[in-house]
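Each chain is listed here by its residues.
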Amino acid sequence: MLETGFPHRDLMTRLFGDNAHLVGGVVRDALRGKPTTDWDLLVTGVPLDEIVERLRPHGRVDCVGRSFGVIKFTTEQGVAAPVTYDVALPRSDFLLDPMTRNHKNFRIQCDPMLPVEVDLERRDFRMNSMAVRLSDGVLIDPFDGRRDIEERLIRVTNPSRFADDPLRVIRLARFAATLEFAVDASLYELCNEVPLEGLSVERIRDEMLKMMLDARSPGTGFHEMLKLGALRALFREIYAMTLCIQDALFHPEADEYGHHTVFHHTLLVMNHAQRLCDRAGLDRGRRLVMLLAALLHDVAKPQTTAWEYRHGRLCLTSVRHDSLGADMAAQFLKRFRIFSYEGLDLQRAVCGLVRTHLRPLELWVHRHQVTKKAFARLAADVDGETDLLVLLDQADRAGRSESPVDQLDDRALWLKAQFEGYRITRETLRPMVMGRDLLEIGFEPGKAMGQVLKVLHGMQIDGLFETREEGVALAPEVAMKLFGKDRC
């Protein structure tokens, strides 16, 4: 009997007897000894309408996926918090047009009388093609998925149907990273033949973000996408980094073939960034900002890298890759429709970090003469996310080695101490002088007043005044310099 931790086993067994099965990822994770919150239930031998009627007295039924033979069932019976299940009929999928490969090109046949094994055969990987009968905990494993889990290996359930949904190539990379499983060697040739052009950016994005957030070493997933052909097809900016070398003296890190590429450095930076996020206890929103900034911080190096003769030798430089990189990062995020996450403006936060990721080095080099103004300006440019900038700078430097980052180094601690010592936070960077303050002293609303407010905010950041009253008093002088009159 396989113990899955399923919270409503007794209820489902009472309602459906031997016809209720857990399927997919929950079974895989149970065999791995890992907890899950995603519960997929397969019910055989019972029509969908009858499933709905049996469930209704015990919770809320959402029939939004009814046409696909799937409903959602939410119940609070016997648990501290509501639990939602995807409850489905067994089904088989038929490709409508062999020349078109996307998730819409299917005819789905739901049939309560189909055997569980038929439903499992349509699934992507053997480790996901298992079921557990709830009544007695018996494992149904027609494709030997349990052995794959024991061997930590990803293999395809049905090679002849694998390409029916091209997203499986991206899912393969995600599973390799999040589960830390090897990929069966035969899959690389198979996946390189799968056309990916028809995939929607939303589906690609969702898989990519899951991989980044849930993998201990997210760089592994991008490395797998390179090997699977997905990086070249879908992530052209990232693929370009695989073809760009770096100066081996400044970047001694090399991949398994000895190449000093921007791509290999980027993967190391992402992995270090994930460990630093763990150390700092970041929530998923700010963690995602960090990981996206790590992925994109050197995205412009392929466009800016050139040989220069400096200090008695030829060396590789990438002048202005930070500012151009911020523009390219914005385009990347826009293309994949990555705008916000848990209330965070991802575009603003990520692009700010990419644009400023070299500035900590400048401050460190001139640390004996820099003033509060430099730190305040930098903090304003990252919208107050100074902790993330410190971590990104640390990860970037650690990306010259495979060795895991255990703690903040001297430069990171110094930078963090400066921001804290000067009491520079998002709150202290907020404008003291507002439009209503200028209206009270005779300014007219409009673009000109906005320009005055912008200048005043810059003066505030530079420490030229410390109270709202002082700022308001400076407004006429600012207007005079901008427009030749003391009011706008």
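As shown above, the structure is provided for reference.
These lines cover the structure that appears in this document, whether it is placed above or below. Note that the structure is predicted; figures quoted are calculated from it, not measured.

### Digging into a nonpolar patch on the surface
Part 1 of the argument: Among the surface-exposed residues, Ile-245, Trp-307, Tyr-309 and Leu-314 lie close enough to one another that they form a single nonpolar patch of about 510 Å² accessible area.
Part 2 of the argument: For Trp-307, the location among the structural elements is in strand β12 (residues 305-310).

### Let's talk about helix α12 (residues 262-280)
Part 1 of the argument: For α12, spanning 19 residues, the distance from its first C-alpha to its last is 26 Å, which sits close to the expected 27 Å at 1.5 Å a residue.
Part 2 of the argument: Burial runs high along α12: 15 of the 19 residues are buried.
Part 3 of the argument: After α12 finishes, the residue Gly-281 shows a positive phi value of roughly 65°.

### Structural notes on the pattern of salt bridges
Part 1 of the argument: Considering all chains together, one arrives at 40 salt bridges under this definition.
Part 2 of the argument: Here Glu-50 makes a salt bridge to Arg-54, at a shortest N to O gap of 2.3 Å. Highlighted residues: Glu-50 and Arg-54, both in helix α3 (residues 48-55), separated by 4 residues, approximately one helical turn.
Part 3 of the argument: Residue classification places Arg-54 among the partly exposed positions, given a relative accessible area of 27%.

### Digging into unusual backbone geometry
Part 1 of the argument: Look at Arg-152: it is not a glycine, yet its phi comes out positive at around 55°.
Part 2 of the argument: Within the secondary structure layout, Arg-152 lies in the loop between α5 (145-151) and β10 (153-154).
Part 3 of the argument: The backbone of Glu-180 sits at a positive phi, close to 60°, despite the residue not being glycine.
Part 4 of the argument: In this fold, Glu-180 is placed in the loop between α6 (167-179) and β11 (182-183).

### Considering the pairing of strand β2 (residues 39-43)
Part 1 of the argument: Burial runs high along β2: 4 of the 5 residues are buried.
Part 2 of the argument: When strand β1 (residues 20-23) meets β2, the two strands line up antiparallel, connected through 3 bridges. The residue bridging His-21 from the neighbouring strand is Leu-42, located in β2.
Part 3 of the argument: Here β2 pairs with strand β5 (residues 83-88) via 4 bridges, running parallel. Counted as the bridge partner of Leu-42 is Ala-88 from β5.

### Some remarks on the packing of aromatic side chains
Part 1 of the argument: Counted according to the given criterion, the structure contains 13 aromatic pairs.
Part 2 of the argument: Seen in terms of ring centroids, Phe-125 and Phe-162 are 5.9 Å apart; in terms of plane orientation they differ by 50°. Their pairing is tilted. Of this pair, Phe-125 sits in the loop between α4 (116-121) and β8 (131-133) while Phe-162 is found in the loop between β10 and α6, placing the two residues 37 residues apart along the sequence. Like Phe-162, Phe-125 is buried.
Part 3 of the argument: Aromatic side chains Phe-375 and Phe-419 sit 5.7 Å apart centroid to centroid with 85° between the ring planes, which places their arrangement in the edge-to-face category. On the criterion of sequence distance, the pair formed by Phe-375 in helix α18 (residues 372-381) and Phe-419 in helix α20 (residues 410-421) is long-range, its members being 44 residues apart.

### Let's talk about the state of the cysteines
Part 1 of the argument: Counted by the stated rule, this structure contains 0 disulfides.
Part 2 of the argument: Among the cysteines around Cys-110, which has no disulfide bond, Cys-63 carries the closest sulfur, lying 13 Å off.
Part 3 of the argument: Accessibility expressed as a relative area gives 27% for Cys-110, which makes it partly exposed.
Part 4 of the argument: Free of any disulfide, Cys-315 has its nearest cysteine sulfur in Cys-244, 14 Å distant.

Conventions we followed
Residues numbered from 1 in each chain as written. Predicted model: local features only at pLDDT ≥ 70, side-chain atom pairs only at ≥ 80, totals over all residues. Heavy atoms only, no water. Patch = residues over 30% accessible without salt bridge, like charges linked within 9 Å, V, L, I, M, F, W, Y side chains within 5 Å. Areas by Shrake-Rupley, 256 points an atom, 1.4 Å probe, with all protein chains shown as cover. Salt bridge = Lys/Arg side-chain N within 4 Å of Asp/Glu carboxyl O. Helix = DSSP H or I, 4+ residues; strand = E, 2+ residues; numbered from the N terminus. Expected span 1.5 Å × (residues − 1). Buried < 20%, exposed > 50% of the residue type's maximum accessible area, 1.4 Å probe, protein only. Pairing = 2+ DSSP bridges. Phe/Tyr/Trp six-rings, centres within 6.5 Å; stacked < 30°, edge-to-face > 60°. Disulfide = S-S within 2.5 Å.

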